[in-house]
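# An overview of the molecular structure
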Amino acid sequence: MTKARIFRELGLRATMPGANCGGEWFASSRDVITVRSPATGELLGKVTQASAADYQRVLRASQKAFAEFRALPAPRRGEIVRQVGVALREKKDVLGALVSLEMGKILTEGLGEVQEMIDICDFAVGQARFLSGPTLQSERPGHRMMEQWHPLGTVGIITAFNFPVAVWGWNTALAWVCGDTTVWKPSSKTPLCAIACQNIVNEVFARNGLPEGTSAVVIGRGAMIGERLIADGRIPLVSATGSTRMGKRIGAVVGARLGRTILELGGNNALIVSERCDLDGALASAFFGAVGTAGQRCTSTRRLIIHESIYRRFLRRLIDLYARVNIGDPLDPRTLMGPLIDEGAVADFEHAVAAAVAQGGTILYGGKVKRASRQRRRTFVEPTIIEIANRAPIVQSETFAPILYVMKYRTLAQALRIHNDVPQGLSSAIYTDSVSEAGTFLSYRGSDCGIANVNVGTSGAEIGGAFGGEKETGGGRESGSDVWKAYMRRQTNTINWDREIHLAQGVQFEF
Ligand code: UN1
């Protein structure tokens, strides 16, 4: 698919302003992002970032839209989200290709990301008829209690470059059926994906007569737009995906004004490979988990904890697979691994490899950066396997690159200790055919992560589950299950349907 076709079908132009709340795009700062293909360096477009005044305009529109949008019955809001799902189905090929072009993940993964958005739309349509609370038994005669869920307000959504469309999709589909308006600050590394998504939604929302501001985008610097958004008392909920460092800042600022957050931050995901397991399955899961998306998923497999009796054999087979990885143009169907997002990410990769070696690690495969050429930026690295101790400082931190740290264990208790001995707690997996090992891994004594899988790898979660993690991953949950509750305000109602007044707890207060 050509760039020209992608641009035409998604309403993108060579230069674009970066703010929108429906209708015209606008931006009044002098700050321009130059977007280049991470693979080739080809100029893709220029986006003018939003100014403080642009931010205020977006917020005002969002607040105004909320007053109207929340009055629509939830199933009607669901019907509109259904139409967004249909529009995404129609644009899946081009939007998936844009994700691949701008972010650098291989095409099948770009398409998969759009599929996640379609799936969450379908999920949200059903949810729209089921935003329900319980009725409760009152202790007082003639009284009834119940819970209701009301729309919350403007939801701020901050997303990272690595999932430039899907994470916004998870948040918005739910927020909209819940009656909230949304303001999106996407990563400045992937602004074109954000513009394309907003264009798709604008068409659907306009057709349905929704007020401008129901869905808004402000592309801008963290220091300018991000800081304003998190400090803004008009935004009751900030849902943010990104690094732990960024999450600590957001948590502190939003917390100081007693706002709410959904934080989905760094992971340090491990896969335990038991000697009693389907080794082919374990191999395939480790391979996809570590090499997929060039290791730039928050769920990427970063640590392999392998039973000592199969350690050498398993690694030999894994290294064989690594040696066959086709690295190159993410839009070429033969490619299995594309580039990292930019030269900064490559510097992080190089730093991590050097640190691992300095901290006692041995490189078993890869470790090098590919040289730049006329068709290639210096953003391609080798998928890398390093044998190292879990306690090495570099293993304790998340490097967004295809580096897999491997280590061995003797007993399951030891494997679990190693597994949980990192500051992060997003995703985890064990490959085992033992009911006892699987049961232990999923028990309170097992994985301390928000996601724990048996015979399924750490990455590539379905949208139907709650997605997020513990410890430095931030504790937030996005996507499926009962996550919608975070996007609404809960109200407890007590109704006296009889004449007599009764105070709770038997208190007498008569005059
Ligand atoms: C992310 O990397 O921020 O589970 C999201 C997965 C995807 C989502 C990843 N469904 O790998």
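Report on the accompanying structure. (Residues numbered from 1 in each chain as written. Predicted model: local features only at pLDDT ≥ 70, side-chain atom pairs only at ≥ 80, totals over all residues. Heavy atoms only, no water.)

## Re the pattern of salt bridges
In total, this model carries 23 salt bridges according to the counting rule given. Between Lys-189 and Asp-342 there is a salt bridge, with the nearest N and O atoms lying 3.4 Å from each other. Placement of the pair is Lys-189 in the loop between strand 8 (181–185) and helix 6 (191–207) and Asp-342 in the loop between helix 10 (311–323) and helix 11 (343–358), with a sequence separation of 153 residues. The class for Lys-189 is partly exposed, based on a relative accessible area of 41%. (Salt bridge = Lys/Arg side-chain N within 4 Å of Asp/Glu carboxyl O. Helix = DSSP H or I, 4+ residues; strand = E, 2+ residues; numbered from the N terminus. Buried < 20%, exposed > 50% of the residue type's maximum accessible area, 1.4 Å probe, protein only.)

## Points about the sheet that holds strand 10 (residues 237–241)
Strand order in the open sheet formed by 6 strands is 2-9-8-7-10-11, with mixed pairing between adjacent strands. Both edges of this open sheet fall to strand 2 (19–20) and strand 11 (260–264), since each of them pairs with a single strand only. Of the pairings in the sheet, the one linking strand 2 to strand 9 (residues 215–218) comprises 2 bridges and is antiparallel in character. Each residue of the ladder has a partner; that of Ala-19, found in strand 9, is Val-218. The strands that helix 2 (residues 52–69) touches are strand 2, strand 7 (154–158), strand 8 and strand 9; relative to strand 8, the one it contacts most, it runs at about 155°. In this fold helix 8 (residues 244–256) packs onto strand 7, strand 10 and strand 11, with an angle of close to 170° to the strand it touches most, strand 11. (Pairing = 2+ DSSP bridges. Contact = heavy atoms within 4.5 Å. Axes fitted to C-alpha atoms, helices over the stretch in contact; angles between N-to-C directions.)

## Thoughts on the site of the ligand
Inspection of the region around the ligand gives 13 residues, with Glu-116, Cys-298, Thr-299, Gly-460 and Ala-461 positioned closest. Between an oxygen atom of the ligand and a side-chain N or O atom of Asn-162, the distance comes to 3.1 Å. Of the residues in the shell around the ligand, the class split is 5 nonpolar, 5 polar and 3 charged. For the shell around the ligand, the two domains that each supply at least three residues are domain 1 (3–265 + 474–491) and domain 2 (269–462). (Near = heavy atom within 4 Å. Polar contact = N/O pair within 3.5 Å; in protein donor to acceptor, adjacent residues only side chain to side chain. Nonpolar A, V, L, I, M, F, W, Y, C, P; charged D, E, K, R; others polar. Domains from an automatic or database assignment.)

## Observations regarding the pairing of strand 11
Sheet topology places strand 10 next to strand 11; 5 bridges connect them, and they run parallel. Residue Leu-237 lies in a different strand from strand 11, and its bridge partner there is Arg-260. In this region the chain leaves strand 10, passes through helix 8 and returns to the parallel neighbour strand 11; the handedness of that crossover is right-handed. (Right-handed = clockwise from strand over helix to strand, strands pointing away.)

## Quick look at the pairing of strand 19 (residues 451–454)
With burial as the criterion, only one face of strand 19 is covered, namely that bearing Ile-451 and Asn-453; the residues Ala-452 and Val-454 on the opposite face remain uncovered. In this structure, strand 18 (residues 427–431) lies alongside strand 19, joined through 4 bridges in parallel fashion. Within strand 19, the residue paired with Ser-427 across the bridge is Ile-451. Between the parallel elements strand 18 and strand 19, the chain passes through helix 13 (residues 435–441) in a crossover that is right-handed.

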